[in-house]
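# Understanding the architecture of this molecule
Okay, here's what each chain looks like letter by letter:
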Amino acid sequence: KYNGWPIGLWITSSVHTHMRSDIIDFSIKDLERVFRDFLHSGAVAAVALMRLLDEFKPDVLFQFNGRMSSTRIAFELARLRGIRVVCHERGMQDEHIVLFNNTACYQIETPMMVKDAWKDVPLKRDEILKITRYMQGRRNGKGTAWRKFTSQPQQRAEIRKELGFEDESRPLWALFTSSTDEFINANHWNGPFTWQDDWVSDTVEFAREHPEIDLVIRIHPCIGGVKAHGANARELAKMEVIKKVLPSNVRMIMPADPISSYTLMDMATLGLIYQSTVGLEMAVTGKQVVFGSGCWFSGTPFMNAVDTREEYSGLLER
């Protein structure tokens, strides 16, 4: 804290992202140094921003993001003063932005409000066509406001041959991990599993006990590899450990492997996600989806979730 402000709390999310780490471990000297630098610059920003708020006395603070570095500090100081904050972020479509009223871009209140407002309103025909075109664009990396991570869709037979899962009569489950350092500091995303690798391990053990199913684990392309913004070394190392002891009915696809997540989604009889939007994309095609963490489509009637880690295997059994 500095001057009563919880600067450490406010800059932790920035450190997670800057260091590409889902843990804050001060025994890692580089991480300790970066955390200290963010604390210092955060305190400087807080003093300067508070002076600006005192001098100009704004009715509204319009700012970017609200999560990273000094934008988070500006958000928090304005809210302490009772000043309305509008955060903007890139939208889900190209050339669009999203506005968040009195919440930051990573907070769950706005998506929940939108869901509650529109959940009982049926789509019109032109809206159905529009969302269909948008979903088809996403499959091919078009029309979105961020860089394309996944490979182009491929032939299912090609992927099955590469994986060694050529028997199409067997149920195939697809598990998609998330880039956890981007949201690990947001408490409202918490679910029954403290760590994503615990969720992956539990799912692998379930598959080991059920040799009648095939399981494919797709590691998020942003955790590492050529398309990622750096690499989450701890999480990659954990996945490598799990990969070494996989049973014969489980395969793990690493971030740089050129296999389309959308082809896996098409092949799968069940989707398993931690937090990823992939789960929503699978659900709207009519497939069952289970998730192991909090996410912005939590509480929707077409998703399956558990409250405790102990309940997870029972849900998979059903």
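As shown above, the structure is provided for reference.
Notes on the structure follow. (Residues numbered from 1 in each chain as written. Predicted model: local features only at pLDDT ≥ 70, side-chain atom pairs only at ≥ 80, totals over all residues. Heavy atoms only, no water.)

## Re the sheet that holds strand 7 (residues 270–273)
Adjacent strands of a sheet form backbone hydrogen bonds with each other and so pair up, either parallel or antiparallel. Formally: Between any two strands, at least two bridges found by DSSP are needed for them to pair. Under the scheme used here, helices are H or I runs from DSSP no shorter than 4 residues and strands are E runs no shorter than 2 residues, and both carry numbers assigned from the N terminus. With axes taken as lines fitted to C-alpha atoms, and helix axes fitted only over the stretch in contact, angles between N-to-C directions fall between 0 and 180 degrees.
Reading across from one edge, 6-5-4-7-8 is the order of the five strands in this open sheet, with parallel pairing throughout. Of all strands in the sheet, those with a lone pairing partner are strand 6 (250–253) and strand 8 (289–291), marking the two edges. Adjacent strand axes in the sheet meet at a mean angle of 20°, parallel and antiparallel pairs treated alike.

## As for helix 2 (residues 29–56)
The test is simple: Multiplying 1.5 Å by the helix residue count minus one yields the expected span of that helix. Between two residues, a contact is recorded if the distance between any of their heavy atoms is within 4.5 Å.
Over its 28 residues, helix 2 extends 40 Å from the first C-alpha to the last, a length consistent with the 40 Å expected when each residue adds 1.5 Å. Residues of helix 2 that are buried in the fold lie against helix 1 (7–19) and helix 3 (69–80). Phi for Lys57, located one or two positions after helix 2, is positive at around 45°.

## Topic: the packing of helix 7 (residues 196–209) against helix 8 (residues 233–243)
Put simply, the rule is: Angle categories are assigned with fixed cut-offs, so that under 35 degrees is roughly parallel, over 145 is roughly antiparallel, 65 to 115 is roughly perpendicular, and the rest are oblique. When the near helix sits turned anticlockwise from the far one by under a right angle, the crossing is termed left-handed; a clockwise turn instead gives a right-handed crossing. For this classification, Asp, Glu, Lys and Arg are treated as charged, while Ala, Val, Leu, Ile, Met, Phe, Trp, Tyr, Cys and Pro are nonpolar and the rest, including Gly, are polar.
Orientation of helix 7 relative to helix 8, taken along the N-to-C sense of each, is 15°, at an axis distance of 10 Å. Taken together, helix 7 and helix 8 sit at an angle that is classed as roughly parallel. Where helix 7 crosses over helix 8, the two elements pack in a sense that is right-handed. Contacts between helix 7 and helix 8 involve Gln196, Asp197, Val200, Ser201 and Val204 on the former and, on the latter, Arg234, Glu235, Lys238, Met239 and Ile242. Of the residues in the contact of helix 7 with helix 8, the class split is four nonpolar, two polar and four charged.

## Here we look at the pattern of salt bridges
In plain terms, the rule: A side-chain nitrogen of Lys or Arg and a carboxyl oxygen of Asp or Glu constitute a salt bridge if their distance falls within 4 Å. In this scheme, a residue with accessible area under 20% of its type's maximum is buried, one over 50% is exposed, and one in between is partly exposed, where area comes from a 1.4 Å probe on protein chains only.
This model, assessed by the stated rule, comprises 16 salt bridges. For Asp22, the salt bridge is made with Arg234, and the minimal N-O distance between the two is 2.7 Å. Linking Asp22 in the loop between helix 1 and helix 2 with Arg234 in helix 8, this pair joins segments that are 212 residues apart in sequence. Among the salt bridges present, the one from Glu32 reaches Lys29, with a minimum N-O distance of 3.5 Å. In this pair, Glu32 and Lys29 are both assigned in helix 2, three residues apart and thus about one turn of the helix distant. Using a relative accessible area of 60% as the deciding quantity, one classes Lys29 as exposed.

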